[in-house]
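Overview (structure and organization)
Spelled out, the chains give:
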Amino acid sequence: QVQLVESGGGLVQAGGSLRLSCAASGRTFDDYAMGWFRQVYGKEREFVAAISWNGSKQQYADSVKGRFTISRANAENTAFLQMFSLKPEDTAVYYCAARKAWEVSMKPDEYVYWGQGTQVAVSS
């Protein structure tokens, strides 16, 4: 079992930045690839970014490429999502998730553990 807790969400103006954190506890953190997803009420959960177990590979949704950076600190059991140049369309609840595999995936159903989510709101 892995418990994930996100933090760092909030309200920011368009063009601003936020850094989300995902603290993991339970099993060995570096057994898992990590992902960030987001969801707007009434819509499907959307892939944002993913990172392999050792951080050597990252994958991004086209909508965030060049603006968001995913990283991880295995010694601290934490994953991060640095978000720059935020846009109103980035407004959503952001979830981190853990995949029992070393490599990245964009598919939500390949992730077995999920956090409770943190709200990000970007005003225009």
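For the structure, check the block above.
Notes on the structure in this doc start here. (Residues numbered from 1 in each chain as written. Predicted model: local features only at pLDDT ≥ 70, side-chain atom pairs only at ≥ 80, totals over all residues. Heavy atoms only, no water.)

1. A short note on the overall build of the protein chain
From N to C terminus, the protein chain includes 0 helices and 11 strands. Its C-alpha atoms put the protein chain at 40 × 30 × 25 Å along the principal axes. Per-residue burial for the protein chain yields a buried fraction of 44% across its 124 residues. Across the protein chain, every contact between residues at least 6 apart in sequence was considered, and the portion connecting residues at least 24 apart equals 60%. (Helix = DSSP H or I, 4+ residues; strand = E, 2+ residues; numbered from the N terminus. Buried < 20%, exposed > 50% of the residue type's maximum accessible area, 1.4 Å probe, protein only. Contact = heavy atoms within 4.5 Å.)

2. Some details on the nonpolar core
Residues Leu4, Met34, Trp36, Leu81, Met83 and Tyr94 are the most contacted members of the largest nonpolar core, which totals 35 residues. Those elements giving two or more residues to this core turn out to be strand 1 (2–7), strand 3 (18–26), strand 4 (33–39), strand 5 (46–51), strand 7 (68–73), strand 8 (78–83), strand 9 (92–99) and strand 11 (118–123). Excluding residues that lie within four positions of it along the chain, leucine 4 makes contacts with Cys22, Ala23, Ala24, Met34, Cys96, Ala97, Ala98, Tyr113, Trp114, Gly115 and Gln116. (Core = buried A, V, L, I, M, F, W, Y, C linked by side-chain atoms within 4.5 Å.)

3. Description of the state of the cysteines
A complete count under the given rule lists 1 disulfide for this structure. A sulfur-sulfur separation of 2.0 Å characterises the disulfide bridge that pairs cysteine 22 with cysteine 96. Here cysteine 22 and cysteine 96 share a disulfide; its torsion about the S-S bond, 55°, makes the bridge right-handed. Of the two residues, cysteine 22 is situated in strand 3 and cysteine 96 in strand 9; the sequence distance between them amounts to 74 residues. For cysteine 96, a relative accessible area of 0% gives the class buried. (Disulfide = S-S within 2.5 Å.)

4. With respect to the packing of aromatic side chains
According to the stated counting rule, one finds 6 aromatic pairs in the structure shown. Both rings, one in tyrosine 32 and one in tyrosine 113, keep their centres 6.0 Å apart while their planes meet at 65°; by these two values the pair is edge-to-face. With tyrosine 32 in the loop between strand 3 and strand 4 and tyrosine 113 in strand 10 (residues 113–114), this residue pair connects regions lying 81 residues apart in the sequence. For the pair tyrosine 32 and tyrosine 113, a shared accessibility class is recorded, and that class is buried. Ring centres of phenylalanine 37 and tyrosine 111 lie 5.1 Å apart, and the angle between their planes is 75°; on these two criteria the pair is classed as edge-to-face. (Phe/Tyr/Trp six-rings, centres within 6.5 Å; stacked < 30°, edge-to-face > 60°.)

5. Focus: the environment of lysine 57
Structurally, lysine 57 is set in the loop between strand 5 and strand 6 (58–60). In sequence terms lysine 57 and valine 104 are 47 residues apart; their C-alpha atoms lie 7.3 Å from each other.

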